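# Observations on the model geometry
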Amino acid sequence: MRITAKANSNIALIKYWGKRNSDLNLPAVGSISVTLEGLSTQTTTRFETGLQNDRLLLNGKKESGPALVRITRFLDIIRNTSGVSLKASVESNNNFPTAAGLASSASAFAALAASASKAAGLNLSDAQLSELARRGSGSAARSVFGGYVVMHRGERPDGSDSIAEPLAEKNFWDIRLCIAITTEKAKTINSTVGMTQSKASSVYYPAWVDTAETDLAEMRSALLAKDFQKVGELSEYSCLKMHALAMSGRPGVVYWNGTSVEVMHAVQSLRQTGIPAYFTIDAGPQVKVLCLPEDENRIKVMLQEIPGVLRVLKTRPGDGVQIIEATE
Ligand code: DP6
């Protein structure tokens, strides 16, 4: 079977940073995210006779280096579970510019988990799909679901409870996100490397792990109560806490550029004028601004006027992973 799946990216409001087991990619902390409409990856997989190696076509370009190695390792998990021994041909396209540093392992591995597992004849439940996607990338476990999602750290050594689950569907609450693009260059230190460094060398790491459950519980109730101010404050808090942790490693990692900092200040000044807006940033320099629908347009204009901001994308809660085509 040739299976095409589509998955949206997501942004964590309470961040995942650090692993309790690298082999199974088990997170050291839980996280809470929003799946993002319109920032998606579409992936087609087919296990084929006659292939010597897996093949990866990423945005039309044949990949051979680390990207292919990562995909092959992931496909090996599916081959082991399904008993299919054939190599696969994988074609993956992002509908957003990869070079903008928005290239998301979350949408990529959620789409690949869905398309490759089905192409291998597996019929996984959403929970199993989330567990599989996590093996590819921790944040991908969350992109299996739409709307507001919680990822559990889990306790079991085999990782079967380190999975995401829906917290509230996308229509539960209409919030918006404006994404300020501050560079078109791809980031230099990926999340996996960054979080490994933090765990190995930051004196803040134990405190990050110890306080995670409290942050998660507070965010969960704020979200379910639709308390925008609380959700926004907690998002900024978790973001700055994660970045402080990344910066405090040896070597420390600074994911921001000068414009990221300008945008953070601008968002905080905006709040002083009475407009509710809050920022969050992943392992890169782009800034995502959380806002309410009635303020979205003026916030977009305000962000566009900040020197160094190249352009601004608008997004909102979106759907989970979907199979969009299946052919023999
Ligand atoms: C800052 O999911 O990319 O975006 O599991 O090593 O692939 P791996 O890491 P990844 O890390 C995401 C880190 C983050 C925060 C988050 O999305 O929770």
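Residues numbered from 1 in each chain as written. Predicted model: local features only at pLDDT ≥ 70, side-chain atom pairs only at ≥ 80, totals over all residues. Heavy atoms only, no water.

### Considering helix α5 (residues 191-201)
Operational definition: Residue exposure (1.4 Å probe, protein chains only): buried if accessible area is under 20% of the type maximum, exposed if over 50%, otherwise partly exposed. Starting at the N terminus, helices and strands are each numbered in turn, a helix being any DSSP run of H or I of at least four residues and a strand any DSSP run of E of at least two. Think of the arc as the fan of directions from the helix axis to the C-beta atoms. In this analysis, two residues are considered to be in contact whenever any of their non-hydrogen atoms come within 4.5 Å of each other.
Those residues of α5 not exposed but buried are Gly194, Met195 and Ser198. Down the axis of α5, the buried set is contained in an arc of 90 degrees. They therefore lie on one face. Contacts from the buried residues of α5 go to β2 (19-21), α6 (205-210) and α8 (228-247).

### Topic: the pairing of strand β5 (residues 55-58)
So the rule is basically this: For two strands to be treated as a pair, DSSP must find at least two bridges joining them.
In the sheet, β5 pairs with strand β7 (residues 87-94) via 4 bridges, with the strands oriented parallel. By the bridge assignment, Arg55 is partnered in β7 with Ser89. Strand direction decides the pairing type here: β5 and strand β6 (residues 61-63), joined by 3 bridges, are antiparallel. The partner of Leu58 across the bridge, within β6, is Lys61.

### With respect to the site of the ligand
The criterion, for reference: One heavy atom within 4 Å of a molecule or strand makes the whole residue count as near it. Contacts described as polar in this section are N or O atom pairs within 3.5 Å, which, within protein, must combine one atom able to donate a hydrogen with one able to accept it, while residues neighboring in sequence count only if both atoms come from side chains. Note that accessible areas follow from Shrake-Rupley with a 1.4 Å probe, and for residues the cover is restricted to the protein chains shown. Each residue gets one of three labels, nonpolar for Ala, Val, Leu, Ile, Met, Phe, Trp, Tyr, Cys and Pro, charged for Asp, Glu, Lys and Arg, and polar for the others, Gly among them.
The ligand sits among 18 residues. The nearest are Lys19, Ser137, Gly138, Ser139 and Thr192. At 3.2 Å, a side-chain N or O of Arg70 approaches an oxygen atom of the ligand. A distance of 3.2 Å separates an oxygen atom of the ligand from a polar side-chain atom of Ser191. Relative to its unbound accessible area of 450 Å², the ligand is 95% covered by the protein chains. Here the shell around the ligand gets 3 residues from one element, more than from any other, and that element is α5. Within the shell around the ligand, the residues separate by chemical class into 6 nonpolar, 7 polar and 5 charged.

### Digging into the packing of helix α1 (residues 66-82) against helix α2 (residues 105-119)
Two packed helices can be described by the angle between their axes and the distance between those axes. Formally: Between the N-to-C directions of two axes lies an angle of 0 to 180 degrees, each axis being a line fitted to C-alpha atoms and, for a helix, fitted only over the stretch in contact. Handedness of each helix crossing follows the sense of rotation of the near helix against the far helix: counterclockwise by less than a right angle gives left-handed, clockwise gives right-handed.
The N-to-C vectors of α1 and α2 enclose an angle of 40 degrees; their axes lie 11 Å apart at closest approach. Here α1 and α2 pass one another in a crossing that is right-handed. Residues Arg70, Ile71, Phe74, Leu75 and Ile78 of α1 form the contact with α2, whose own contacting residues are Ser105, Phe109, Leu112, Ala113, Ala116 and Ser117. When its residues are assigned to classes, the contact of α1 with α2 shows 8 nonpolar, 2 polar and 1 charged.

### Notes on the nonpolar core
The nonpolar side chains of soluble globular proteins are, as a tendency, buried together. Just so we agree on the cut-off: Among buried residues, the Ala, Val, Leu, Ile, Met, Phe, Trp, Tyr and Cys ones that are joined through side-chain atoms within 4.5 Å form a nonpolar core.
Phe74 and Ile78 are the most contacted members of the largest nonpolar core, which has 34 residues in total. Of all the secondary-structure elements, those providing two or more residues to this core are β1 (2-14), α1, β7, α2, α3 (126-136), α4 (140-143) and β8 (148-151). If you tally residues by element for this core, the top one is α2, at 8 residues. With sequence-adjacent residues up to four places away left out, Ile78 is seen in contact with Phe47, Ala116, Ser117, Ala120, Leu122 and Leu132. Counting 27 residues, the second-largest nonpolar core is a separate cluster that includes Ile32, Leu167, Ile179 and Leu292.

### Observations regarding the environment of Lys118
The residue Lys118 is located in helix α2 in this model. Accessibility expressed as a relative area gives 33% for Lys118, which makes it partly exposed. Taking the C-alpha atoms as reference points, Lys118 and Ser82, separated by 36 residues in sequence, lie 9.9 Å from one another.

### Some thoughts on the domain arrangement of the protein
Heads up, the condition is: For each domain, the first and last residues come from an automatic or database assignment. Here's the idea: put two parts together, see how much 1.4 Å probe accessible area each one loses, and the total over both is what we call buried area. One side-chain nitrogen of Lys or Arg within 4 Å of one carboxyl oxygen of Asp or Glu is enough to make a salt bridge.
For the protein, the assigned domains are domain 1 (2-172) and domain 2 (176-315). Computed from C-alpha coordinates alone, the two centres of domain 1 and domain 2 are separated by 23 Å. Residue-level contacts link 30 residues of domain 1 with 43 residues of domain 2. With both sides pooled, the region where domain 1 packs onto domain 2 buries about 3000 Å², and carbon together with sulfur makes up 70% of that total. Contact with domain 2 buries surface across domain 1, with Leu13, Lys15 and Trp17 losing the most and accounting together for 28% of the total. We note a salt bridge from Lys15 to Asp282, for which the minimum N-O separation is 2.7 Å. Broken down by secondary-structure element, the contributors of at least two residues to the side of domain 1 that touches domain 2 are β1, β2, β4 (31-48), β8 and β9 (164-168). Looking at the side of domain 1 that touches domain 2 residue by residue, the classes come out as 20 nonpolar, 6 polar and 4 charged.

### Section: the state of the cysteines
Our working definition: The disulfide criterion is simple: two cysteine sulfur atoms within 2.5 Å.
Taken as a whole and judged by the stated rule, the model has 0 disulfides. Free of any disulfide, Cys178 has its nearest cysteine sulfur in Cys291, 4.4 Å distant. Among the residues examined, Cys178 registers a relative accessible area of 0% and is labelled buried. Free of any disulfide, Cys239 has its nearest cysteine sulfur in Cys291, 16 Å distant.

### A few points about α1
Stated formally: Expected helix span is taken as 1.5 Å per residue step, with the number of steps being one fewer than the number of residues.
With 17 residues, α1 should cover 24 Å at 1.5 Å per step; its first-to-last C-alpha distance of 24 Å lies within 8% of that length. On its buried side, α1 packs onto β4, β5, β6, β7, α2 and α3. Directly after α1, the chain includes Gly83, whose backbone phi takes a positive value near 80 degrees.

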